[in-house]
Amino acid sequence: MVHLISGKTSLRNGGLRNEKTGRDRGDCMDIKFVGTMAVINDTQNPFQDQRALTEVELFLEELQPGLLVKAGDTGDFYGISHFDKNPARANHMQEDLNSVKRMNNRQRKILSNSRMIDLDGNHEDRLRRYLWSKAPALASLDCLTIDGLYGLSDNDIEHVDYEEGVTINGIFTVLHGDLIRPHSGYTAKGMFEKHGGSGMHGHTHRGGCHLRRDRSGVYGWWENFCLCDLNPDWMRNPNWQQGFSLVHFTKDRFWVEPIPVINRKFMYGGRIYGSGGKKRSV
Ligand SMILES: [Fe+2]
Ligand SMILES: [Fe+2]
């Protein structure tokens, strides 16, 4: 599926300045980019579907996108969730974070020349909420940041705070998202209604899109699947789909290619990728 969309978007709303990034709270990271961007999200480590993720990483290694955006909920932060927790899983925070670090190390190794940007999702925001509510005196510690805990700077991965997002060439915004609607495409419509313009988001763990043409142009928002285990222990038979997307940019246009992963296989350019779940030795 290939779409050609054009339009302008702006999420600027001003507010508190982030000393590290120099951006006001709520401001997008604005970048210029020509080439292919890959977007993955909602791996929810350590609850990632490692076999599906391995197939995607093998594909990305072959494709060598110029930009990889990880659109949030990279780690689950299960241990500091306010939901009921399985006591056997609740105190594994360091192991859980090591899983994210291993993934970042691995992706930097296979994409040594790619720009990488990591966006916080609501699961990363659990850390801020926990610190602010339970241990505010520790909230300023450098070692208790997503950057430090995920090994982002160590892997030359740029970091964007929750719901600030990244806007490419002024026409396409990637966010984690903070809306959930029950059917594929409905949340994409909600994101269009909330933000306008065009973009892509995670959070719903579903694939889908919403397109709109009006007097000022053609716009689209895409929901970008997930790459986590489809059978989490806190929910039965969720309506989730795995996948990822490629977005190709020229100076003033973009084309979106959503790639659903079904039973650890997917198709791109007429070729089938994936082992179908068989173990690989990589
Ligand atoms: Fe998620
Ligand atoms: Fe989320």
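A quick note: this is a predicted structure, and the numbers were derived from the prediction, not measured.

Q: Kindly report on the environment of Leu 230, identifying the contributing residues and their values.
A: The residue Leu 230 is located in the loop between strand 11 (217-224) and strand 12 (242-249) in this model. Looking at Leu 230, the number of C-beta atoms within 10 Å reads 15, which means it is partly exposed. With 131 residues separating them in the primary sequence, Leu 230 and Ser 99 have C-alpha atoms 18 Å apart. Setting aside its immediate chain neighbours within four residues, Leu 230 contacts Asp 49, Pro 238, Trp 240 and Gln 242.

Q: An account of unusual backbone geometry is requested, with residue identities and associated values reported.
A: The linkage connecting Asn 45 with the following residue, Pro 46, adopts the cis geometry, with an omega of 15°. When you line up the elements, Pro 46 lands in the loop between strand 3 (35-40) and helix 1 (50-63). Despite not being glycine, Glu 163 shows a phi value in the positive range, around 65°. With phi around 55°, Asn 169 is a residue other than glycine that occupies positive phi space. Residue classification places Asn 169 among the partly exposed positions, given that 16 C-beta atoms sit within 10 Å.

Q: Account for the sheet that holds strand 9 (residues 199-201), naming residues and giving values.
A: Taken in spatial order, the six strands make up an open sheet running 2-7-8-9-11-10, and their pairing is mixed. Two strands close off the open sheet at either side, each with one partner strand: strand 2 (29-31) and strand 10 (207-214). This sheet shows a mean twist of 15° between the axes of neighbouring strands, independent of strand direction. By the bridge criterion, three bridges tie strand 2 to strand 7 (residues 166-168) in an arrangement that is parallel. The residue of strand 7 that forms the bridge with Ile 31 is Ile 168. Running over the sheet, helix 5 (residues 186-195) touches strand 8 (172-175), strand 9, strand 10 and strand 11 and is turned about 130° from strand 11.

Q: Can you break down the pairing of strand 12 residue by residue, with the values?
A: Burial of strand 12 is extensive: six of the eight residues sit out of reach of the surface. Here strand 3 pairs with strand 12 via five bridges, running antiparallel. Across the sheet, residue Met 37 finds its bridge partner in strand 12, namely Val 247. Adjacent in sequence and paired antiparallel, strand 12 and strand 13 (residues 254-261) are bridged by four residues.

Q: Quick one: what's the story with the pairing of strand 11, residue by residue and with numbers?
A: Within strand 11, six of the eight residues are buried, leaving the element largely enclosed by the surrounding structure. As judged from the three bridges shared by strand 9 and strand 11, these two strands associate in the parallel manner. Across the sheet, the residue bridging to Gly 199 is Trp 221, located in strand 11. Two strands pair when backbone bridges link them, and strand 10 and strand 11 are joined in this way by eight bridges, in the antiparallel orientation. Residue pairing across strands places Cys 209 opposite Trp 222, the latter belonging to strand 11.

Q: Describe the confidence of the model for the chain, and please don't skip the residues or the numbers.
A: Detailed reading of the predicted coordinates is not advisable wherever pLDDT is low. For the chain, the average pLDDT comes to 91, and 91% of its residues sit at 70 or higher. Contacts for the low-pLDDT stretch residues 6-15, under 50 throughout, to residues beyond four places or in other chains number 33 contacts.

Reading the values: the criteria
- Residues numbered from 1 in each chain as written.
- Chains lettered and ligands numbered in written order.
- Predicted model: local features only at pLDDT ≥ 70, side-chain atom pairs only at ≥ 80, totals over all residues.
- Helix = DSSP H or I, 4+ residues; strand = E, 2+ residues; numbered from the N terminus.
- Buried ≥ 20, exposed ≤ 12 C-beta atoms within 10 Å, placed from the backbone.
- Contact = placed C-beta atoms within 7 Å.
- Pairing = 2+ DSSP bridges.
- Axes fitted to C-alpha atoms, helices over the stretch in contact; angles between N-to-C directions.
- pLDDT = per-residue confidence, 0-100.

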